[in-house]
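Structure assessment
Below are the chains, spelled out letter by letter.
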Amino acid sequence: LATAAELLLAEHEVEHARLSTMRDAFERELRARVPDVIIHAAGAARAPHITSISIPGTSSESMLMALDLRGIACSAGSACQSGSVSASHVLAAMGVAPDVAGAALRLSFGCLSTDACVQRTLDVLTTLAEKSRVGKAASTACAFTPIEF
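Residues numbered from 1 in each chain as written. Predicted model: local features only at pLDDT ≥ 70, side-chain atom pairs only at ≥ 80, totals over all residues. Heavy atoms only, no water.

Points about the environment of Ala 25
Along the chain, the position of Ala 25 falls in helix α1 (residues 2-33). Its relative accessible area of 32% is what places Ala 25 among the partly exposed residues. For Ala 25 and Asp 115, which are 90 residues apart along the polypeptide, the C-alpha to C-alpha distance reads 9.5 Å. (Helix = DSSP H or I, 4+ residues; strand = E, 2+ residues; numbered from the N terminus. Buried < 20%, exposed > 50% of the residue type's maximum accessible area, 1.4 Å probe, protein only.)

Put into C-alpha cells, the structure is as follows:
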C-alpha cells in the first residue's frame, strides 16, 4: 500500500497535466463541431478529469441511453448522483436554466483514456446531437394542429 501511495504521488502531476490537456482538447474540438455547446464552468478552476456539457435541443436521458448503447459511459448528474438521469442539483445551484441542465452530460477521463477514445466519443456525441436535433425539428414541423369545426 505504501508503494502504491508513493507511485501515485510521483505520477500525480504528470497524470493531472495529461488529463487536463485531454479534457481541454475534447472541449475545444466539441465546440468546433457543436458551436452552441455549453461547457459548464469553462475557464474556472476545476478537476482536470471531468467535463460537464450541455447541448441545447437534446435531452440528457436520451443521450445517455444512446451513448450507453454505443459503449460510452457518462452521467447526467453530479458524481454523488451517479446512475441518475435527473438534472444535476449542482447545475441548478449554479443558476443553470432547467432546459440547459436537462441536457447536461458529465464525462470523465482517466488513466485508461486515450486520444482514440476521445475522438470516438467526439464522433459519436456529435452524430447523436445532430440526430436528436433533427428529430425534434421534424416532430415540431409535423405536429398535429387540430381543426376547429
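After presenting the structure, the write-up continues.
Some remarks on the pairing of strand β2 (residues 50-54)
Summarising burial for β2: 4 of the 5 residues are buried, a large majority. Taken together, the 2 bridges between strand β1 (residues 38-39) and β2 define a ladder with antiparallel strand orientation. Note on β2: the bridge partner recorded for Ile 39 is Ile 53. Pairing of β2 with strand β3 (residues 104-108), which is carried by 5 bridges, proceeds in the antiparallel orientation. Paired with Thr 51 across the bridge in β3 is Leu 107. (Pairing = 2+ DSSP bridges.)

What to know about the sheet that holds β3
If you trace the 3 strands from one edge of the open sheet to the other, you get β1-β2-β3, paired in antiparallel fashion. A single partner strand is all that each edge strand has here, and the edge strands are β1 and β3. Of the strands in this sheet, β1, β2 and β3 touch α1, which is tilted by about 15° from β2. (Contact = heavy atoms within 4.5 Å. Axes fitted to C-alpha atoms, helices over the stretch in contact; angles between N-to-C directions.)

So, the side chain of Thr 121
Among the secondary structure elements, Thr 121 is positioned in helix α5 (residues 115-141). When near neighbours in sequence (up to four residues on either side) are disregarded, Thr 121 contacts Phe 26, Ile 72 and Leu 107.

Remarks on the layout of surface pockets
Its volume calculated, the second largest pocket comes out at about 220 Å³. Lining the second largest pocket are Phe 26, Gly 71, Ile 72, Ala 73, Leu 107, Ser 108, Phe 109, Ser 113, Cys 117, Val 118, Arg 120 and Thr 121. Mapped onto the lining of the second largest pocket, the elements with two or more residues apiece are β3 and α5. Ranked by residue count, the leading element in the lining of the second largest pocket is α5, at 4 residues. Per-class residue counts for the lining of the second largest pocket are 7 nonpolar, 4 polar and 1 charged. (1 Å grid on protein atoms, 1.4 Å probe; cavity = no way out; pocket = protein on both sides within 12 Å on 5 of 7 lines; lining within 4 Å. Points joined across faces, edges and corners; volume = space filled by probe spheres on them. Nonpolar A, V, L, I, M, F, W, Y, C, P; charged D, E, K, R; others polar.)

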